[in-house]
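# Structure assessment
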2 protein chains.
Amino acid sequence: MRPEDIPAIRGLDLFHDMDEGNFEDLIRAAYVQTFPPQVDLITEGDHADFLHIVFSGSVELYARWNGRETSMATVRPISTFILAATIKDAPYLMSARTSEKSRIIMLPSLDVRTVFEKDNAFARAVVTELAQCYRSVVKKTKDIKLRSSVERVANYLLRCHHQTGGALEFELQIEKRRLASLLGMTPENLSRAIKALRAYGVKVDGTSVRISDLADLEKFAKPSPLIDDSSA
Amino acid sequence: MRPEDIPAIRGLDLFHDMDEGNFEDLIRAAYVQTFPPQVDLITEGDHADFLHIVFSGSVELYARWNGRETSMATVRPISTFILAATIKDAPYLMSARTSEKSRIIMLPSLDVRTVFEKDNAFARAVVTELAQCYRSVVKKTKDIKLRSSVERVANYLLRCHHQTGGALEFELQIEKRRLASLLGMTPENLSRAIKALRAYGVKVDGTSVRISDLADLEKFAKPSPLIDDSSA
DNA sequence: CCGGCCAATTGACAATTATCAAGCGCCTTG
DNA sequence: CAAGGCGCTTGATAATTGTCAATTGGCCGG
């Protein structure tokens, strides 16, 4: 652990209000490691031995069944993942692997649960974080069940547009094959969906996206805060 | 509120360990009402004014977008719903309506949050409940993204089989049209999926289901605890 | 600088799923 | 008991999505 890392962790909502002594206990027990890309950090079904924090790089959460695989989420710095399994002392429901070279901090689940038991501010912060995660997954489920693949892509692009502060040109921060999986479709289907969005003024070249007619795209995509707003 | 209701509520994991005084505060603020079937209790987007508890009957959680509607979950007694929105003081992401005649207890969100702030045992119980909800939605997402419609139906029936304590004959506890929506398919498609499962020894007549060759069905359905186990 | 690799794209085709329309059967109600 | 309504089923067809194969094009290592 580098000395400059500690305030950054402390700054996370999850740890911000907890007792200083408890925080130090957690930090003392932590492991820090830098992983190359495409390294498996955890495997679904395994026991949740660590709460992970992505410090740099990015991590993909994915799941498998019967030889198939689907991407569930991408975790970017600085945030934690698989908090629920850690707290519940349950097996991971998702696997995780680095998408790029990443620095990961690992807090032993045992220590996290110990602090959770005695630190009330931390316990409440866990609630907020879990509620956020829960609502986020509910929104994803609505996205998948209520929208066609082209509609999902259109709304994904609009979300990128907002996350970049309203830019009409931006870069995709994710490989297309992974985006396809995240949105519940095949890479081929994503390609065709992107092509279909040309009719609404969307131009995609490689990773760069340009929205030439925002109103037209929104008219088609019909974004809803109850699905697409990441904060609400 | 009937006097005999109170111990039943107290028995819920969510309220079991909380301070008696705080519990009484919550109960005093509560409303109880019996609703006929098909009554809308809450509408997505509305502000979360109440935490609801289903006491008898059943409640369907559903979501709409762009004129389409999908069933998200069925809540059966005795359990709460939309805890995350209440705690976060955020808009509901789902609507809720009674499926049958139901007794509903409503705790004002304001009171719930007040008790949440001062009762540490309650705060921790909320964590457990939210972690459970979160993991449950993750499993549903995996079910939808990784399985075909026939596979989803097969695994649904196996889950019913387990929930009834291993019975090979049981009744569907849900209308087929609603089951179809829950599983992310049309009623027509569900009909055909059920027919396709005859090949694996499943006989469905109306609401009654008989599994004649469990091994064969499992071989096809390939149930996984990381998707189908409601407790894990 | 070249060669090879791999992601992305494209086309042709297949499978899955949805839609539309009609009919059946059960349940309720007058 | 008859009539009507509604949910379920079935068939025909259409739309969507996935699969397979081939090609393109950018990037990296030799």
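## Quick word on the overall build of chain A
- The helix and strand tally for chain A stands at 11 helices and 11 strands.
- Taken against the 2.2 N^0.38 rule, which gives 17 Å for 232 residues, the C-alpha radius of gyration of chain A at 19 Å falls within 12% of a compact globule.
- Seen through its principal axes, chain A has C-alpha atoms that stretch 60 × 35 × 30 Å.
- Relative to its full complement of 232 residues, chain A shows a buried share of 42%.

## A few points about the domain arrangement of chain A
Residues and elements named next belong to chain A.
- Entries for chain A in the domain assignment read domain 1 (5-144) and domain 2 (147-228).
- With centres defined by C-alpha atoms, the gap from domain 1 to domain 2 works out at 28 Å.
- Opposite the eight residues of domain 1 that make contact, domain 2 presents eight residues.
- The leading source of residues in the side of domain 1 that touches domain 2 is helix H6 (residues 120-146), at four residues.
- When its residues are assigned to classes, the side of domain 1 that touches domain 2 shows one nonpolar, three polar and four charged.

## Brief notes about helix H7 (residues 149-163) of chain B
All names here are of chain B.
- Across its 15 residues, H7 extends 21 Å between first and last C-alpha, which sits within 8% of the 21 Å expected from 1.5 Å per residue.
- Taken together, the buried positions of H7 are occupied by Val150, Arg152, Val153, Ala154, Asn155, Tyr156, Leu157, Leu158 and His161.
- Looking one or two residues past H7, Gly165 carries a phi angle of roughly 80 degrees, positive in sign.

## Observations regarding the protein's contact with DNA strand C
- Around DNA strand C sit 14 residues, and of these A:Lys176, A:Arg177, B:Ser149, B:Met185 and B:Asn189 come closest.
- Within the surface near DNA strand C, the residues separate by chemical class into three nonpolar, five polar and six charged.

## Things to note about the environment of B:Ser56
Residues and elements named next belong to chain B.
- Tracing the backbone through its elements, the reader meets Ser56 in strand S3 (residues 50-56).
- Distance in space between the C-alpha atoms of Ser56 and Thr34 is 8.9 Å, their sequence separation being 22 residues.
- Excluding its chain neighbours within four sequence positions, the residues that come into contact with Ser56 are Pro77, Ser102 and Arg103.

## Focus on the interface of chain B and chain A
- Chain B puts 41 residues into the contact, and the matching count from chain A is 41 residues.
- Contributions of two or more residues to the side of chain B that touches chain A are made by strand S4 (59-65), strand S5 (68-75), helix H4 (83-88), helix H6 (120-146) and helix H11 (225-228) of chain B.
- With 19 residues, the single largest contributor to the side of chain B that touches chain A is H6(B).
- Class assignment for the residues of the side of chain B that touches chain A results in 23 nonpolar, seven polar and 11 charged.

## Some remarks on the relation of the copies chain B and chain A
- For the match of chain B to chain A, the screw axis carries a shift of 0.0 Å, the RMSD comes to 0.0 Å, and the turn is 180 degrees. What the superposition gives is, in effect, a two-fold axis relating one chain to the other.
- A share of 100% of interface residues in chain B that are also interface residues in chain A marks the association as one of identical surfaces.

## What to know about the sheet that holds strand S3 (residues 50-56) of chain A
All names here are of chain A.
- Spatially, the four strands line up as an open sheet ordered S1-S8-S3-S6, and their pairing is antiparallel. At either margin of the open sheet sits one strand with a lone partner, and together these are strand S1 (31-35) and strand S6 (79-81). Direction aside, the axes of adjacent strands within the sheet are offset by 30 degrees on average.
- The pairing of S3 with S6 spans three bridges and is classified as antiparallel. Residue pairing in the sheet places His52 in a bridge with Phe81 of S6.
- Of the strands in this sheet, S3 and strand S8 (102-108) are in contact with helix H5 (residues 109-118), which crosses S8 at around 60 degrees.

## A word on the nonpolar core
- One finds A:Val126, A:Leu130, A:Tyr134, B:Leu130 and B:Tyr134 to be the most contacted residues of the largest nonpolar core, which totals 99 residues.
- Broken down by element, this core gets its largest block of residues, 12 residues, from H6(A).
- Filtering out sequence-adjacent residues up to four positions away, A:Val126 remains in contact with A:Leu14, A:Leu83, A:Ile87, A:Phe116 and B:Val127.

## Details of the protein's contact with DNA strand D
- Near DNA strand D there are 14 residues, and of these A:Ser149, A:Met185, A:Asn189, B:Lys176 and B:Arg177 occur at the shortest range.
- Of all the secondary structure elements, the ones that give two or more residues to the surface near DNA strand D are helix H7 (149-163) and helix H9 (187-196) of chain A together with helix H8 (176-182) and helix H9 (187-196) of chain B.
- Of all the elements, H9(B) adds the most residues to the surface near DNA strand D, at four residues.
- Partitioning the surface near DNA strand D into residue classes produces three nonpolar, five polar and six charged.

## Things to note about unusual backbone geometry
- Note the cis peptide between A:Pro77 and A:Ile78, where omega equals -20 degrees.
- Tracing the sequence through the fold places A:Ile78 in the loop between strand S5 (68-75) and S6.
- Non-glycine residue B:Asn66 carries a positive phi angle of around 55 degrees.
- Secondary-structure assignment places B:Asn66 in the loop between S4 and S5.
- Backbone geometry places B:Lys222, a non-glycine residue, at a positive phi of 50 degrees.
- Relative to the assigned elements, B:Lys222 resides in the loop between helix H10 (214-221) and H11.

## A few points about the sheet that holds strand S7 (residues 95-98) of chain B
All names here are of chain B.
- Taken together, the four strands give an open sheet; going across it, the order is S2-S7-S4-S5, and neighbouring strands pair in antiparallel fashion. Each edge of the sheet is formed by a strand with only one pairing partner; in this case those strands are strand S2 (40-42) and S5. Averaged over all adjacent pairs, the angle separating strand axes in this sheet is 35 degrees, with direction ignored.
- One ladder, built from two bridges, connects S2 with S7; its direction is antiparallel. In the strand pairing of S7, Asp40 is matched with Arg97.

## Thoughts on the packing of H7(B) against H9(B)
All names here are of chain B.
- Running from N to C, H7 and H9 point in directions that differ by 70 degrees, and their axes come no closer than 9 Å. Comparing their axes, H9 and H7 come out roughly perpendicular. In the crossing of H7 with H9, the sense of the turn from one axis to the other is right-handed. Across the interface between the two elements, Ser149, Val150 and Val153 of H7 pack against Asn189, Leu190, Ala193, Ile194 and Ala196 of H9.
- Looking at the contact of H7 with H9 residue by residue, the class counts come to six nonpolar, two polar and no charged.

Conventions we followed
- Residues numbered from 1 in each chain as written.
- Chains lettered and ligands numbered in written order.
- Predicted model: local features only at pLDDT ≥ 70, side-chain atom pairs only at ≥ 80, totals over all residues.
- Helix = DSSP H or I, 4+ residues; strand = E, 2+ residues; numbered from the N terminus.
- Rg over C-alpha atoms; globule rule 2.2 N^0.38 Å.
- Buried ≥ 20, exposed ≤ 12 C-beta atoms within 10 Å, placed from the backbone.
- Domains from an automatic or database assignment.
- Contact = placed C-beta atoms within 7 Å.
- Nonpolar A, V, L, I, M, F, W, Y, C, P; charged D, E, K, R; others polar.
- Expected span 1.5 Å × (residues − 1).
- Near = placed C-beta within 6 Å.
- Least-squares fit on C-alpha atoms with pLDDT ≥ 70 in both.
- Pairing = 2+ DSSP bridges.
- Axes fitted to C-alpha atoms, helices over the stretch in contact; angles between N-to-C directions.
- Core = buried A, V, L, I, M, F, W, Y, C linked by C-beta atoms within 7 Å.
- Parallel < 35°, antiparallel > 145°, perpendicular 65-115°, else oblique.
- Left-handed = near helix turned anticlockwise from the far one by under 90°.

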